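Read off the chains here:
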Amino acid sequence: MRRGKGVIGIALLVSAVLAGTSACGGKSSGSDTAADGAKGGASASASARPSPTHPTGPPMLLDSIAPLDKATVGVAMPISVVFTNPVAASAHKNIEKHLKVSASVPTNGAWHWMGDKRVDWRPENYWKTGTKVRLDADLKYVSNGSGRYGTHPYTHSFTIGDDVRADASVTGHTMKVTRNGAAVRTLSINAGSAEYPTWNGTMAVIDKQEKVHMTSCSVGISCNKGDANYYDLTLPWDIHLTQSGTYVHFSTGDTNPGSGSALGSHGCVHLSLSDAKWFYGQVKQGDPITVTGSPRAKASADNGYASFNLSWSQWLAGSANGAQTTAGL
């Protein structure tokens, strides 16, 4: 089963909004050079100077910054900044310069623009477990190239947790789970059918929910109750992989998945009820789930957090400033 396309910020929404007070415990001490200069002098001559001018215009708003401040995430988690209004290509370079990534372990990475409202930062390779990461989004007075300007700086700090990975073989009907390089368990699965194949490639977990209402109509499969592919179900232990509606979960229509049953899903990865509950307890946002053996292409990088479906050269092609090593933390 699959759920319909939703906003990526279901569990991440309103991480930061560049209007009013900081919503994320971010620092509000940042300012531009002109503002610092105006505050620096206490002499009569300094106070007699005209006040610095700042750009005026409507605020440049952020829908979200992911991951959330203080979160612990998986090794494939990107930093994702989503703007409310389009950002002009001419502003990409300057905005990237004001999105500073620091880490306790030096990490090579880069920003990549996903259209005109979203920019993600990912490391060249997976993060190392235990790395502390901080994003300083010093966007105060920074232009989006279309007449809008940031009004506040924000800071998000997060930690890279255990290296939990799952590798699902569509043809083998198995999913192997590892933690910090050690095999933990191999689960029996069924993936998508020939008509509705599962996305190939690596998809970092977006979020997870104990129950999700899934309908065939919401993903454009069928809105006709008499159709063989129609479904309207609330199913448990759901690991969200793509915005287009891919989950790892238990399905009441496929209670004993594996090579023996060989039932196909509508694109999701099915587990037995006990395995689905166990797997739910193992994974977190940002853990990479890799699917192989499906006839479908890899999920696009912006279909959730599938940034590692792009090669490093492809990723750099979407960056205005190229690769950089994180600042120290």
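Right, let's walk through the structure included here.

The rules we used
- Here the residue numbers are simple positions, counted from 1 along each chain's written sequence.
- Local features in a predicted model are, by the rule used here, given only for residues with pLDDT of at least 70; side-chain atom pairs are given and counted only at 80 or more, and totals for whole chains, interfaces and linings are based on all residues.
- With hydrogens and water set aside, each side-chain value is computed from the structure's full complement of heavy atoms.
- Strands are runs of DSSP state E lasting at least 2 residues, helices are runs of H or I lasting at least 4, and numbering of each runs from the N terminus.
- By definition in these notes, contact holds between two residues if any of their heavy atoms fall within 4.5 Å.
- Method for areas: the Shrake-Rupley scheme with a 1.4 Å probe, in which residue coverage is limited to the protein chains shown.
- Only buried residues count toward a nonpolar core, which is a set of Ala, Val, Leu, Ile, Met, Phe, Trp, Tyr and Cys residues joined through side-chain atoms within 4.5 Å.
- Burial status follows relative accessibility: with a 1.4 Å probe on protein chains alone, a residue under 20% of its type maximum counts as buried, one over 50% as exposed, and anything between as partly exposed.
- The term salt bridge refers to a pairing of a side-chain nitrogen on Lys or Arg with a carboxyl oxygen on Asp or Glu at a separation within 4 Å.
- Should DSSP find at least two bridges between two strands, the strands are regarded as paired.

1. Notes on the overall build of the chain
A tally of regular secondary structure across the chain gives five helices and 19 strands. Nonlocal contacts in the chain, meaning residues at least 24 apart in sequence, comprise 71% of its contacts between residues at least 6 apart. On the chain, roughly 14100 Å² of surface is accessible, and the fraction owed to carbon and sulfur atoms is 52%.

2. Some words on the environment of W237
Mapping W237 onto the fold places it in strand β14 (residues 232-240). Sequence spacing of W237 and Q209 is 28 residues, and the spatial spacing of their C-alpha atoms is 6.3 Å. Residues in contact with W237, not counting those within four places in the same chain, are Q209, E210, V248, H249, F250, L273, A276, K277 and Y280.

3. Quick notes on the nonpolar core
Within the largest apolar cluster, 34 residues are counted, with the highest numbers of intra-cluster contacts made by F83, I95, W111 and L139. The set of elements that each furnish at least two residues to this core consists of β1 (62-66), β3 (79-83), β4 (99-103), β5 (108-113), β6 (118-123), β7 (132-138) and β8 (153-160). Not counting residues up to four positions away in its chain, the partners in contact with I95 are M60, F83, V87, W113, L139, V142, S143 and N144. Core analysis: the second largest hydrophobic core is formed by 27 residues, V177, L187, W199 and F279 among them.

4. As for the pattern of salt bridges
For the coordinates displayed, the defined rule picks out seven salt bridges. Where D163 meets R165, a salt bridge forms, and the shortest distance between an N and an O atom there is 2.8 Å. On the basis of relative accessibility, which here comes to 13%, the residue D163 falls in the buried class. For R165, a relative accessible area of 31% corresponds to the partly exposed category. Here R185 and D275 are joined by a salt bridge, their closest N and O atoms 3.0 Å apart. One end of the pair, R185, is in strand β11 (residues 182-188); the other, D275, is in helix α4 (residues 273-282), with 90 residues separating them in the sequence. The exposure class assigned to R185 is partly exposed, which follows from its relative accessible area of 33%. When its relative accessible area of 12% is taken as the criterion, D275 is described as buried.

5. What about the sheet that holds strand β2 (residues 72-73)?
Here we have five strands laid out as an open sheet, ordered β2-β8-β7-β4-β19, and mixed in their pairing. At either margin of the open sheet sits one strand with a lone partner, and together these are β2 and β19 (327-328). Strand direction decides the pairing type here: β4 and β19, joined by two bridges, are parallel. The residue of β19 that forms the bridge with S102 is A327.

6. Points about unusual backbone geometry
That bond from A66 to P67 is cis: its omega, 0°, falls within 30 degrees of zero. Turning to its location among the elements, P67 is positioned in the loop between β1 and β2. Phi at Y141 takes a positive value of approximately 70°, unusual for a residue other than glycine. A positive phi angle, close to 60°, is found at H173, a residue other than glycine. Tracing the sequence through the fold places H173 in the loop between β9 (164-169) and β10 (174-179). Overall, H173 belongs to the buried group, its relative accessible area being 18%.

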